[in-house]
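Summary of the model geometry
The lines below spell out each chain.
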Amino acid sequence: MTAVMSVVVPAHDEETIIGRLLHSLVSSDAKGRLEIVVVANGCHDHTAAIAAAVSPRIRVVQIAATSKVAALNAGDAAASVFPRAYVDADVEVCADALLAVASRLAGAGSPDAANAFVGAPELRVDTAGASLPVRQYYRVWEYSRYRGSGHVGSGVYVLSKSGRARFDQFPDVIADDRFVQQLFAPEERATVDEYSFTVPAPRTFRALLNRATRIASGNRQLAVAYPALAAGSPTPRFTALIKRVAVRPSLWLALGTYCCGYAIPRLRARRLESVNQAPGWNRDDTTRVSA
């Protein structure tokens, strides 16, 4: 069967986990509906070899630069089909979930879907194996509006051909997913609630803070480089979250942990910005365990 969508997977030193995602995609796609392109960028391990060994259907591209953005652009150059999914190596998602988003972008099954240019399955966070403070943080996070309708990114997003035409190459920014999301009005985004993808939570609170610092720095960088794409102030959203949690006494203790996880990365990001220092990759290696 001819592929009906492409999947681009940027991967830097992901030998311990890349097989999990790829086996899931291949095993759930017996008809060969996905064109899968893995871009091993700046790897010093066996990521490329492991990816190639999963299936002859998988095309592996290797580039010297250690850069997710460079990998996304190299993947675009190698891929040939739209809609096109961009999937982080550490997420768990099946072919049906990606194909459902592709179908929604094509207008199937929803009268207003023809207006959507970008989409994603519903985001879920797996806290199994995470420390108590991390689990407490995500207990409160579950009540945030972060995963509201129209949220894309956080590891998976799918663009239609028209949606991808909104920009040329991926720009050199930290927050590529937020850049893509903010190119589209809320009514131009689609969340397919019937399917989900899973992102592993950091195992330690320090790892959570480091990852959140990178996200906060990326958001600040994007606001400076592309002010027209800047979203509204997070303060009203945070205030609304506090109100939702306030009526749930069982979450009051967890709220203190959440506030630390919310405020500290933003303070760190401001400090890094004030001294003109990049946040570094801050990759969460606590979740890079053998699959």
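Attention in this report is confined to the structure presented alongside it. (Residues numbered from 1 in each chain as written. Predicted model: local features only at pLDDT ≥ 70, side-chain atom pairs only at ≥ 80, totals over all residues. Heavy atoms only, no water.)

What follows deals with the side chain of glutamate 188. Within the fold, glutamate 188 resides in the loop between helix 7 (176–182) and strand 7 (189–200). Residue classification places glutamate 188 among the buried residues on the basis of a relative accessible area of 18%. Within the local environment of glutamate 188, its side chain forms a polar contact with the side chain of arginine 166, the two groups lying 2.8 Å apart. For glutamate 188, the contacting residues outside a window of four places in its chain are Asn115, Ala116, Phe117, Val118, Arg166 and Leu183. (Helix = DSSP H or I, 4+ residues; strand = E, 2+ residues; numbered from the N terminus. Buried < 20%, exposed > 50% of the residue type's maximum accessible area, 1.4 Å probe, protein only. Polar contact = N/O pair within 3.5 Å; in protein donor to acceptor, adjacent residues only side chain to side chain. Contact = heavy atoms within 4.5 Å.)

Of all 8 residues that make up strand 2 (residues 34–41), 8 are buried, and the element is covered over most of its length. Burial of the side chains of strand 2 extends over both faces: Leu34, Ile36, Val38 and Ala40 are buried on one face and Glu35, Val37, Val39 and Asn41 on the other. Sheet topology note: the strand 1 (residues 5–11)/strand 2 ladder contains 7 bridges and is parallel. In the sheet register, methionine 5 faces strand 2, and the bridge partner there is leucine 34. Since strand 1 and strand 2 lie parallel, the crossover through helix 1 (residues 18–27) that links them has a hand, and here it is right-handed. (Pairing = 2+ DSSP bridges. Right-handed = clockwise from strand over helix to strand, strands pointing away.)

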